[in-house]
Amino acid sequence: MKRLVILGAGTAGTMMAHKMSRKLPASEWEITVIDKSENHYYQPGLIFVPFQLYGYNGTKGNVRKTRDLLPKEVNFVQTEITQLVPEGNRVETPSGTFEYDWLILALGCRIAPEEVPGLEEGYGKNVFYFYTYPSALDMQRALADFDGGKLVLNIAEYPIKCPVAPIEFICLADYYFQQRGIRHKVDLEVVTSVQGLFTKPVAGSILGEMIRKKGIKVTPGFSPAEVDSEHGKIISHDGKEVHFDFLASIPPNVGPQVIDDAGLGNGNGYAMTHSHTLKSQKFDNIYVIGDCTNVGTSKAGSVAHFEAGVIEKNLLREISGQTPQPDFDGHSNCFIETGFKKAHLIDFNYTQEPIPGRFPLPTFGPFALLKETRLNHRGKLFFRWFYWNILLSDRVDLEMFLPTQMSYLGKDMSYVTK
Ligand SMILES: Cc1cc2nc3c(=O)[nH]c(=O)nc-3n(C[C@H](O)[C@H](O)[C@H](O)COP(=O)(O)OP(=O)(O)OC[C@H]3O[C@@H](n4cnc5c(N)ncnc54)[C@H](O)[C@@H]3O)c2cc1C
């Protein structure tokens, strides 16, 4: 019996479990999935929870049992992965040792507030996060009591999960305070460690103009050294200060320590991964998928979906003695919720930045790229049903609508720089 072990049963691990259990004969292969969490959370819902928008008041509809989402044929072990021993092809956990022929790393990443001094001390007083359900609920309660003052959204450093989530958050904050009739009493400011809210030129200019029109200030190039919650200020490494009454922080995101400890990582817990084949750069019988890779595209569920198709093919090729193909092009696709029941949509890859157009079909669309529309917003809300019922279980062939490699169909070619 050959053994495939998948570490992590979040978005990426669940998709891989479905794909591989369908393709590898049960008479020859044993598939084991290991994850410490009993629950699987729908993370894109996190941006709505602080503002109680569109029925997203808490975990209702946003959480399912991890086991229930996995195929019945795979073994699921709910336990902490404490050590990876790639030289010995094994994984150590408190529930035992798991040996493998092939390993898929799908361990995601997490927020690390402990990396910014002062952040944890202020938590729950005037400092809040929204990257987990408990923290998003804390923020929801605090926002309901916030009647005016300066709300600062700070992105401590990149990479972060879902790099458009800060844009969504601040637009939804603007919408939320307008709905409450107190927008005139609230100053909104985004303080970011990079040069803008979106660093690619075309999207940066379109989204930047939208943010400007909403009266939101953006302070770029500010890398926080410390948060002084007592005096309500963030202090940068070069001594600049930004005052806040309410700090919505996106703390540094880090990959799992076990990846670094095993010599597979880049020092921040992200596995060193070949950008196009998605194989580990360190060990030949390991593939890496989702947020725990170090590849240069977004950390997003859509990316995990595109990567899953490439890993499925490459793993099957290798099992049958062929070489893996460099087929992953960095494809990423994401709705950007902007408030007032509208959203943008972006579709891009390693070499093509997001540009305007229609998606997935020319002229017909029905979605619009880099344009605020109500249909994009409906697509964003529909995505939750799609995630639970189609995306995770991979039960429908999506290649026509969501091709693994980014398509130029529908894109406005006048923006394409050759
Ligand atoms: C606020 C927010 C908004 C987002 N919006 C969108 C969006 O609109 N569209 C989109 O495509 N994506 C969005 N995302 C990103 C998307 O949720 C992630 O990219 C996706 O979930 C990554 O999947 P993953 O499997 O790599 O990681 P995860 O789904 O996080 O799964 C990792 C799993 O590994 C397990 N694990 C980790 N370490 C261990 C260990 N040592 N032992 C045992 N188990 C372990 C965890 O328990 C977890 O279940 C958003 C994310 C956030 C935070």
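This write-up is about the structure you can find in this document. Nothing here was measured: the structure is a model prediction, and the numbers come from that model.

As a further point, take the site of the ligand. Near the ligand, the surroundings consist of 27 residues, among which Thr11, Ala12, Asp35, Asp291 and Gly301 are the closest. Lysine 380 has a polar side-chain atom sitting 3.1 Å from an oxygen atom of the ligand. Protein contact buries 92% of the 1000 Å² of open area that the ligand shows by itself. In terms of residue class, the shell around the ligand is made up of ten nonpolar, ten polar and seven charged. No fewer than three residues from each of domain 1 (2-109 + 255-319) and domain 2 (113-252) sit in the shell around the ligand.

Right, let's talk about the pattern of salt bridges for a bit. A complete count under the given rule lists 20 salt bridges for this structure. We note a salt bridge from arginine 90 to glutamate 92, for which the minimum N-O separation is 2.8 Å. Note on glutamate 92: relative accessible area 18%, which makes it buried. Ionic pairing is found between glutamate 209 and arginine 212, a salt bridge with its closest N-O pair at 2.8 Å. Pair noted here: glutamate 209 and arginine 212 are both in helix 6 (residues 201-213), with a separation of three residues, about one helical turn. Arginine 212 gets classed as exposed once you look at its relative accessible area, which sits at 53%. Ionic contacts of the salt-bridge type, sharing partners, join the residues Lys19, Arg22, Lys23, Glu312 and Asp394 into one network.

Attention now goes to the packing of helix 1 (residues 11-23) against helix 8 (residues 301-319). Between helix 1 and helix 8, the least distance of the axes is 9 Å, while the angle of their chain directions is 30°. When the axis of helix 1 is compared with that of helix 8, the two are roughly parallel. Pair helix 1 / helix 8 crosses with right-handed handedness. Contact residues: Thr11, Ala12, Met15, Met16, Lys19, Met20 and Lys23 in helix 1; Gly301, Ala304, His305, Ala308, Gly309, Ile311, Glu312, Leu315 and Leu316 in helix 8. Of the residues that constitute the contact of helix 1 with helix 8, the class distribution is nine nonpolar, four polar and three charged.

What counts and how
- Residues numbered from 1 in each chain as written.
- Predicted model: local features only at pLDDT ≥ 70, side-chain atom pairs only at ≥ 80, totals over all residues.
- Heavy atoms only, no water.
- Near = heavy atom within 4 Å.
- Polar contact = N/O pair within 3.5 Å; in protein donor to acceptor, adjacent residues only side chain to side chain.
- Areas by Shrake-Rupley, 256 points an atom, 1.4 Å probe, with all protein chains shown as cover.
- Nonpolar A, V, L, I, M, F, W, Y, C, P; charged D, E, K, R; others polar.
- Domains from an automatic or database assignment.
- Salt bridge = Lys/Arg side-chain N within 4 Å of Asp/Glu carboxyl O.
- Buried < 20%, exposed > 50% of the residue type's maximum accessible area, 1.4 Å probe, protein only.
- Helix = DSSP H or I, 4+ residues; strand = E, 2+ residues; numbered from the N terminus.
- Axes fitted to C-alpha atoms, helices over the stretch in contact; angles between N-to-C directions.
- Parallel < 35°, antiparallel > 145°, perpendicular 65-115°, else oblique.
- Left-handed = near helix turned anticlockwise from the far one by under 90°.
- Contact = heavy atoms within 4.5 Å.

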